[in-house]
Amino acid sequence: MKRRNLLAAVVAGALGFGLAGCSQEESGSSASNDQAAAPAAEKQTYKWKMVTTWPKNFPGLGTAPEHFADRVREMTDGQIDITVYGAGDLVPALEVFSAVSQGTAEMGHGAGYYWKGKIPAAQFFSTVPFGLTAQEYNGWMFHGGGLELYREAYKPFGVIPWPGGNTGVQMGGWFNKEINSVDDLKGLKMRIPGIGGDVLEKAGGTPVNLPGGEIFTALQTGTIDATEWVGPYNDLAFGLHQIAEYYYYPGWHEPGTALELIVNADAYNKLPKNLQVIIDVAAREMNADMLAEYTAQNNQALKELVEEKGVKLRRFPDDVLNRLREMSAETVKELADKDEMARKAYESYKAFRDKVVPYTDISERTYLNIREGDKNEG
């Protein structure tokens, strides 16, 4: 009997302990759920503005920021809500960098060579005549030290940059006369930004820096004699074929033009770490997706320009390209000699170019030559 009573007591004790344990676990689970729910309810939302140098929803350049904003909104479950403004909607196209630096807008999308007056080195992070292709540029940026220098150059202005898209090799531009020699560039007023514009000036022309939305009218009214913009996909959208007869290639001045996403440093530093990572991931997606879009769209647009619009497609003569190459090397070296940050960017850029080109030659160039047989385009 005593043994039965002892066993009953042990069982009762075990059940009591188990029930108590369950009660504690349930209580703990409830408390844990309450604690998890509290931060979720208190999550801060960030309503940001993004200003751009492009007309709103312009193909490629203008749609990429919209896609970026959508992706960030989705990935943060609405915690970061970005409103995108086209050129002139909130600030003028070429004031995007200043607006982000001053905090007028938290983000911007543009191209580094537009701010060369503030940051001469910014041109290396956009494009260099006869320089890196888009694929090579991404190698330098993400695995060759480029991004670190990019951020060092922008840091004094309170701005954090990311590569924000790439057009690939651009076209050489629109002209109303044939370019048969370097002398044909003398006296030419041409819309062409960045280092390419400085090379044109060395060749005797007059570079003019205009935002995209002003190009058509400037060419139509004779404010400029010629223009480069991007490539067939964008040039067709702007209707440049309506006011210029000759379409030249290749884009010696912009062999792989990188666009940029810039963020006000104070605004970025106020974000929790997980949201900062989302900005980084979305920027990298935008960078890759834009190049894919141009690769997919340019050829069909070029066919339409030539076969349906009657555009006269021309290749720059070899002697013109050779002379422009020489002048480009001189111009880039002069830029590096004038500014310490530009010198650092130049040395890094050049070292990476010297390292990557030999492999590009035996891989990409050789493959393209043998894909359908060597072609003499001269």
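You'll find the structure just up there.
Counting from 1, residues in each chain are numbered in the order their sequence is written. Two thresholds apply to this predicted model, a pLDDT of at least 70 for residue-level local features and 80 or more for giving and counting side-chain atom pairs, whereas whole-chain, interface and lining totals are computed over all residues. Just so you know, side-chain values use all the structure's heavy atoms and leave hydrogens and water out.

1. Some words on the packing of aromatic side chains
Stacked, edge-to-face and tilted are the three classes for Phe, Tyr and Trp ring pairs, Trp counted by its six-membered ring, which pair at centre distances within 6.5 Å; planes under 30 degrees apart are stacked, over 60 edge-to-face, the rest tilted. Applying the stated criterion across every chain, the model contains 24 aromatic pairs. A ring pair is formed by Phe 124 and Tyr 346, whose centres lie 6.2 Å apart and whose planes are at 55°; its orientation type is tilted. Here the residue Phe 124 occupies a position in the loop between strand E3 (107-110) and helix H4 (134-143), and Tyr 346 occupies one in helix H12 (residues 340-371), the gap between them amounting to 222 residues. Of the two residues, Phe 124 and Tyr 346, both sit in the buried class. Seen from their ring centres, Tyr 248 and Phe 316 are 4.9 Å apart, and the 25° between their planes marks the pair as stacked. On the criterion of sequence distance, the pair formed by Tyr 248 in strand E9 (residues 246-249) and Phe 316 in the loop between strand E11 (312-315) and helix H11 (318-338) is long-range, its members being 68 residues apart. Phe 316 matches Tyr 248 in its accessibility class, with the two residues each being buried. Geometry around Trp 162 places Arg 151 over its ring, the cationic atom sitting 4.6 Å from the centre. We count a stretch as a helix when DSSP gives it H or I for four or more residues in a row; a strand needs E for two or more, and each element gets its number in order from the N terminus. Three exposure classes are used, based on accessible area relative to the maximum for each residue type with a 1.4 Å probe and protein chains only: buried under 20%, partly exposed in between, and exposed over 50%. Any Lys NZ or Arg CZ that is within 6 Å of a ring centre and within 35 degrees of that ring's normal is treated as a charge sitting over the ring.

2. Notes on the packing of helix H6 (residues 194-202) against H11
Axis definition: a line fit to C-alpha positions, over the contact stretch in the case of helices; interaxial angles, taken between N-to-C directions, run 0 to 180 degrees. The contact between H6 and H11 brings their axes to 9 Å, and the two run at 115°. Handedness of the H6/H11 crossing: right-handed. Across the interface between the two elements, Ile 195, Asp 198, Val 199 and Lys 202 from H6 touch Leu 324, Met 327, Ser 328, Glu 330, Thr 331, Val 332, Glu 334 and Leu 335 from H11. Residues are grouped as follows: nonpolar covers Ala, Val, Leu, Ile, Met, Phe, Trp, Tyr, Cys and Pro; charged covers Asp, Glu, Lys and Arg; every other residue, Gly included, is treated as polar. Classifying every residue of the contact of H6 with H11 gives 6 nonpolar, 2 polar and 4 charged. By definition, turning the near helix anticlockwise from the far helix through less than a right angle yields a left-handed crossing, and turning it clockwise yields a right-handed one. Contacts between residues were defined by any pair of non-hydrogen atoms, one from each residue, lying within 4.5 Å.

3. Observations concerning unusual backbone geometry
Excluding glycine, a negative phi dihedral is what most residues carry, and trans is how most peptide bonds are arranged. For the bond running from Tyr 249 to Pro 250, omega is -5°, close enough to zero to count as cis. Tracing the sequence through the fold places Pro 250 in the loop between E9 and strand E10 (258-264). Located in the positive-phi region is Asn 57, a residue other than glycine, with phi close to 65°. Within the secondary structure layout, Asn 57 lies in the loop between strand E1 (46-52) and helix H2 (63-75). Take Asn 57: its relative accessible area is 45%, and that puts it in the partly exposed class.

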